[in-house]
Structures are given as structure tokens and as C-alpha cells.
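Here's the letter readout for the chains.
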Amino acid sequence: TTSSEQGHQNLEAMKAGMFLRKVKSRTWKRQRHYKLQEDCKTIAYKSSWAINSYSTFSISDVEAVRAGHQSEALLSVADEFPADRCFTLVFRGRRGNLDLVAESTKEAQAWIQGIGALMENMENMDESTKLDQWISDWFSKADLNKDGRINFKEAKKLLKMMNVDMNEEHASSLFKMADKSKSETLEDQEFVEFYKMLTERAEVLDLFQDYSSDGQSLSQCDLEEFLREEQLEGEGSYEHALQLIDRYEPSDTARMNHMMSVDGFLMYLTSPEGSIFNPERQDLFQDMSQPLAHYYISSSHNTYLMEDQLKGPSSVEAYIQALKRGCRCVEVDCWNGSNGEPVVYHGHTLTSKILLKDVITTIANYAFKASEYPLIVSIENHCSIEQQEVMARYFRDILGDMLLTNTADSSELPSPERKILLKGKKFENESENPTGEVSDEDEAAEMNKDSPKLQQNLCKELSDLIFCKSVHFHSFEHSRTSAKPNEMSSFSESKARKYSKEAGSDFVLHNTRQLTRVYPSGMRTDSSNYCPVDMWNMGCQIVALNFQTAGMEMDLNDGLFTQNGCSGYILKPEILCKRERLFNPEKRDDYHPLLFYVISGQQLPKVKQKAWFIVDPLVRVEIFGVPLDQAKQETKHIDNNGFNPLWNETLQFTIHTPELALVRFVVEDYDKASRNDFIGQYTIPFTSIQPGYRHVHLLSKDGTSIHPSSIYVHIKITEQ
């Protein structure tokens, strides 16, 4: 059969639905009925015993399909179910994987190829199709009897679910206009039109009319003027105006005449080019040839843990998730395991154990999927000499050429290149017998302060593979006179804070030459995080966070590392790399007033998935950076409108050290009785902000897109 025929057969088989076995572990394997809905965008599933209550997930939530035994759960049942019947769906964000086993190879193939093809269709959609898609997704949720139409009452209910609160008469007259077939019901496409009429944006129309010569459209010259005056684009605005018309104008006639309608203008404003993030900083734009100590490096703490630090599961999935998010420093805690096999877990706790060889294999497979730049593997080694020999063999055999072992005494750490660097304890030179001194970096030792420090011997094979040598930190003076470039120390967050208070400028100077790793305090057994900005201000490169824990700290990490091609490496500002002039954040005279005119919000998601709650949103803008710049301000809240709240408020800040500032936009649902609920956020380095009229595309708590939710702002940065 031809591939298009095959594709059609796959979809038909998925629409007919079939029983697949959902696997959670060796002992938990249950039949579920899965079927693709008519819209070809949603998959519904239910337990065999549930009569009609299907749950659903959208194809757009799926990030990847892995065929075969590519997850711990499926590996655990490999002897029972052959690989060609098994597959794994990986979701965006922190949602767990779905491991499935089909009855036959043919059925497994239908799902693997079918979902793959549907994902590809989703990827290739342009913005306007995506919006229509989003609206029809909601439509099919509301169309309970599946006859492809909804009446006014159902439409009202649906709009409430979409967080739209509207004036009844207004909505009713628009409903009649959209009901072209005069059937008192709307079909899918009619509903899309109805929704668009209802959501016409007056604030965008006003701006459009300010620049339109005829009030109907923007000529290429009108648009050029807008780009120069408001978006501060300067040179090349005339050519850029034409590119924008070609790219975003939906009407062929307008496009041919080099004109832009209000629809095209809105398309541009909500596109990536109209977003707050400067596209020139999206891809790799920094000099990548400097020594490693000159970069911030995206770093994870106890990478193997999925949840808390005391009793939760360890998993190779945690490494996959961190590496896919652009993390470039992962941690491996090695302990003696049974049958001579070293294991990875959080020592002296009840966290589960995984095999070191599985961890190294996973690292080898995913090390360079998201970034071409070095991956540092931080080893905490608690193994006997025998098991250390096994460790060395695995690192050598599994990582092969990827491993950077040439530790010829260079006067500088290498600049970033596609290699894996191991960090851990290492002999000074060949003859020496290492002392049993446990460097501070040994968190297990720090947590058990009372246990005697054991003499630990190191095996030569492992020592030879280590590139970054962990050393005990004595003093800044000692490091300045005797530290080698490949030596690095680790500090707990409290130690790092103490040094930044007592000897800030020495710490900054130390970090121009040496790598410093900071890790969360041992008290954070719930895997909470500390604020990384205080450590970045000191020039610390490896600021390790618990990647599995969503929240402000990971938002800041994601915000810093979304620039420069998501490579996990960001060049530190010059003030933190210069060895002569000491950086003192309090002493600068130049400063930048920053104005955010927060105009409106669009299609904010529900907080509580209850149909009767409409949110009361407010926007808070938070500045993180040097102590002088830290600030936050918020708008007032708008009652009952998650759909198109208008704030029209100005928030004003003064930034003294822009190269260290991050700006975080948070939207919350106001609650006078208890804490406000989180709706969405977006974090961006100050230096990546585009001025002018911009959309801020909100992300969920997990850092995934919640398209089409956004806030619309006008940004002015003036230099004093």
C-alpha cells in the first residue's frame, strides 16, 4: 500500500478505537480503551469497566512517541511483551509518560505512525490555523451529542468554559450574524467566526487607526512609520514592513497591493516577531570561544530524582527531561550496588535506586539533543575500589569519544565544544596517594555531619577520566595563588551567600578564573529551590537547581537560558569577566528608566477547572537583578474577565545594571480571602526585551506554552 493509503488506514484504525495495555510497573498493567476522536486532534481513553466516561488528551500535548522498550516501565516487562508491540508517549512539561502495549505489531505501528503524522500536521500549522484549531477543539468539547452544531445556550456555556464573560444582548446579535444558515445553531466554522467577532480587539483597532492613512488599512509607508516610531526599528523598516505584509496579511488582494488589514496587523502583533522577546537573541549570537569560567551554565541538582529528596523515585526519565530542557550540568551520586553493579540514588535515604550503566547510557543518548555544547557530569563517588573500576569502565566504554579526558596542564579551562566532561575527585599526580579529605562538594557528608569521615581511596582508572577536579575550598587568597584552571569547589547556598556578603568582590574575582558550583541546602528535602539570581550576580557559573520543581526559581533559570539558542551557555556580562576592574553594583551612575504600560490580557486559562469560576486577573511585574534593582509592582485586578481584561496601567522601574536584570511577568487570579492563584508567567532577560507594542506569551507553571494566552503591553526604555 502507498504511504498515503497506509496513513489513512492508520487513522481509521485509531478512530475505530482499540484496547491497549497501560503499563506503570512490572505488576501494574491494565487494559484501557483508546480511540482517536473525529477531529483527529484528541485521543479519548477509558478503563474497560467505565461505561461512557472517556478522559481525553490533545495530540498537541504530546512531545514525542518512542517505539519499543524505551522507558523503565516497558523495560521491566520486556520479557513479557516484545519491543515491536510497545511504545511510549512523552508529554510536554512535567506530565508523566504514558507506556502502552498493543495486541499486535500492526496495531502498535498504526498508533506510532498515526500519532507521529498527526503531530507533524500540528507542527506545520501557521498561527491563524492554530487559533482556529484551538477554537474548534473547544467546540468539539461543547458539542455533546456530536451532531456538529451548538445552539445559543450551549455556545454561552462554552464561552464560559473558555473564560469569556459577555454581554448577553451583544453576544446574541453576533450569534445571529454568524448563523449564516439561519438554523439557530452554529456549525464548527460558524462558531469560529462568532468567536472572532466577539473577540475583536478595540485596543488594537485604535492603534491601527492611529497609523492608517485611510482608516481602512496600513500602506507599506504607514506600517514603516509604525515600526520606526513605536517599535523603534530604525534602518530597514521600509523593507521589513513589506516582509511583514507578505508574512501576516491573510487577504490576497491587500497583500498584492502591499497593504495590511487590521487582521494582518493583529496577526503580526501576536506572532513571534511581535512578541516581547527579541528574535535576534533567540539563536546562538554570543562568542562561544571564551574559557568556560566566562559562561553561566544551566545546571541541575541530584538530577536522578523525580520528586523529593528523601523517599521519591529515582529515574533515568529525570535525566532525559533535564537534558531536553537544555541542562548542561547533571549530577550522578554513585553507591555500591549488588552483584558488583554501582547504583545511583540519594545516599542514606529511601529514594529508589537505578543502575549507573542505565544512567550513563541515557546521558550518552541525550547529551547533545538540545545543545552542541559541553555537558558536565558531576560525580559524587561513594563506591569501593572494585565498583569504581566498574564505573570507570562504563564511562569509558559507553561515552567513548564523547569523553574529554585530555587534562594536559592548560592555563585555561577549554572553551565550549561538543564533549562530556566528568567532574569529581582526582589524584594530584600519578604517584600520589589521595588523602581521605572529603571536599565540601560531598553533599552526603554535609547531611551527616556527625558520621566520621571515612578515608576513601580512589581508583586510578576513574581518576584518569576526571576533567574537572573537585577540591576543598580553603580561601579566596589560597585559590588565587595556587588553584589550577580545572579545579573547582562546590558551595551550599548558605556558604555561597555568606561569602557574597563578606567578600563579594573577592568572590566575583575568583569566578573570573575558576568554576564554582552552588547547590541547594540539605534542609530542602522537599526539593524546593533557592533564588539563582543572587549567585549569578557573583559570577557563579554552575548554579544547581531541582529541575523537577516548578516555580519562580526555575522560571528565572528558563528565562535566562531561553536566549542564545537554548544552548545552556550564556556569556556572563563583561563586568563579571574582567580581572582588573572589580564590579560593584552599587556604584554605577548610568541608569535606565523602564516603563511598562500594561494594556490588556487575552484568553487567560481557567484556574479551577470548574465551569462557574471566571478569573479576576491582575498582572505583577517583578525585576530580579542586583539588590538595587530588585522590585515588583502590580496592576489592580479586573473582576470576572479572563477573556479580554483591560488594565491600561503604567508600571515604572529604574534599572541600574541592565545586563544582570531579569523581568518576570506574572498573571494571578485575585482572591481577597486567601493567596492569589497562579494563572501564567513569562520571564525574560532585560537585554532581550524588544520595546514598543508587544505581546507577552504566557507559560504554565511547568514552563510550557498555554497558547493563545497572552498579555499586551507597551514598553518604553529610556536611557538617562
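What you see is a predicted model; the values in this text were computed from it and never measured.

Here is what the cut-offs are and how they apply
- Residues numbered from 1 in each chain as written.
- Predicted model: local features only at pLDDT ≥ 70, side-chain atom pairs only at ≥ 80, totals over all residues.
- Heavy atoms only, no water.
- UniProt positions renumbered as here; feature names shortened; annotations may be inferred.
- Helix = DSSP H or I, 4+ residues; strand = E, 2+ residues; numbered from the N terminus.
- Contact = heavy atoms within 4.5 Å.
- Phe/Tyr/Trp six-rings, centres within 6.5 Å; stacked < 30°, edge-to-face > 60°.
- Buried < 20%, exposed > 50% of the residue type's maximum accessible area, 1.4 Å probe, protein only.
- Lys NZ or Arg CZ within 6 Å of the ring centre and 35° of its normal.
- Axes fitted to C-alpha atoms, helices over the stretch in contact; angles between N-to-C directions.
- Parallel < 35°, antiparallel > 145°, perpendicular 65-115°, else oblique.
- Left-handed = near helix turned anticlockwise from the far one by under 90°.
- Nonpolar A, V, L, I, M, F, W, Y, C, P; charged D, E, K, R; others polar.
- Arc of directions from axis to C-beta.
- Polar contact = N/O pair within 3.5 Å; in protein donor to acceptor, adjacent residues only side chain to side chain.

A short note on the UniProt feature "glycosylation site" (unreviewed entry) in the chain
Those places that UniProt annotates as "glycosylation site" (unreviewed entry) correspond, in this numbering, to Ser 181. Inspection of the secondary structure puts Ser 181 in the loop between helix 6 (168-178) and strand 9 (185-187). Sequence-distant contacts of Ser 181, defined by excluding residues within four places in its chain, comprise Glu 187 and Glu 190.

Some remarks on the packing of aromatic side chains
Scanning the model with the defined rule gives 29 aromatic pairs in all. Between Phe 208 and Phe 265, the aromatic rings sit 5.7 Å apart at their centres with planes inclined by 50°, giving tilted as the arrangement. Here Phe 208, found in helix 8 (residues 202-211), pairs with Phe 265, found in helix 12 (residues 262-270); they are 57 residues apart in sequence, far enough to count as distant. For the pair formed by Phe 208 and Phe 265, the shared burial category is buried. Aromatic side chains Phe 596 and Phe 653 sit 6.2 Å apart centroid to centroid with 70° between the ring planes, which places their arrangement in the edge-to-face category. Taken together, the residues Phe 596 in strand 23 (residues 592-602) and Phe 653 in strand 26 (residues 646-655) connect sequence positions 57 residues apart. Comparing Phe 596 with Phe 653 shows no difference in burial state: the two are buried. Taken together, the aromatic side chains of Phe 208, Tyr 211, Phe 226, Phe 265, Tyr 693 and Tyr 712 make up a single cluster linked through ring pairs. Note that Arg 95 overlies the ring of Phe 91, its terminal NZ or CZ placed 4.0 Å from the centroid.

So, the packing of helix 6 against helix 7 (residues 188-198)
Between helix 6 and helix 7, the least distance of the axes is 9 Å, while the angle of their chain directions is 140°. Compared by their axis directions, helix 6 and helix 7 come out oblique. Crossing handedness for the pair helix 6 and helix 7: right-handed. For the pair formed by helix 6 and helix 7, the contact residues are His 170, Ala 171, Leu 174, Phe 175, Met 177 and Ala 178 on the first element and Glu 190, Phe 194, Met 197 and Leu 198 on the second. Tallied by class, residues from the contact of helix 6 with helix 7 come to eight nonpolar, one polar and one charged.

Quick notes on helix 5 (residues 152-161)
For helix 5, the full list of buried residues reads Phe 152, Ala 155, Leu 158 and Leu 159. Projection of helix 5 onto a plane perpendicular to its axis shows the buried side chains occupying an angular sector of 115°, all on one side. For helix 5, exposure combined with an orientation more than 90 degrees from the buried face picks out Lys 153 and Lys 157. On its buried side, helix 5 packs onto helix 4 (127-142), strand 8 (149-151), helix 6 and helix 7. Where helix 5 begins, the capping side chain belongs to Asn 151, and its oxygen is found 3.2 Å from the backbone nitrogen of Lys 153. The positive-phi residue at the C-terminal boundary of helix 5 is Asn 163, with phi of around 75°.

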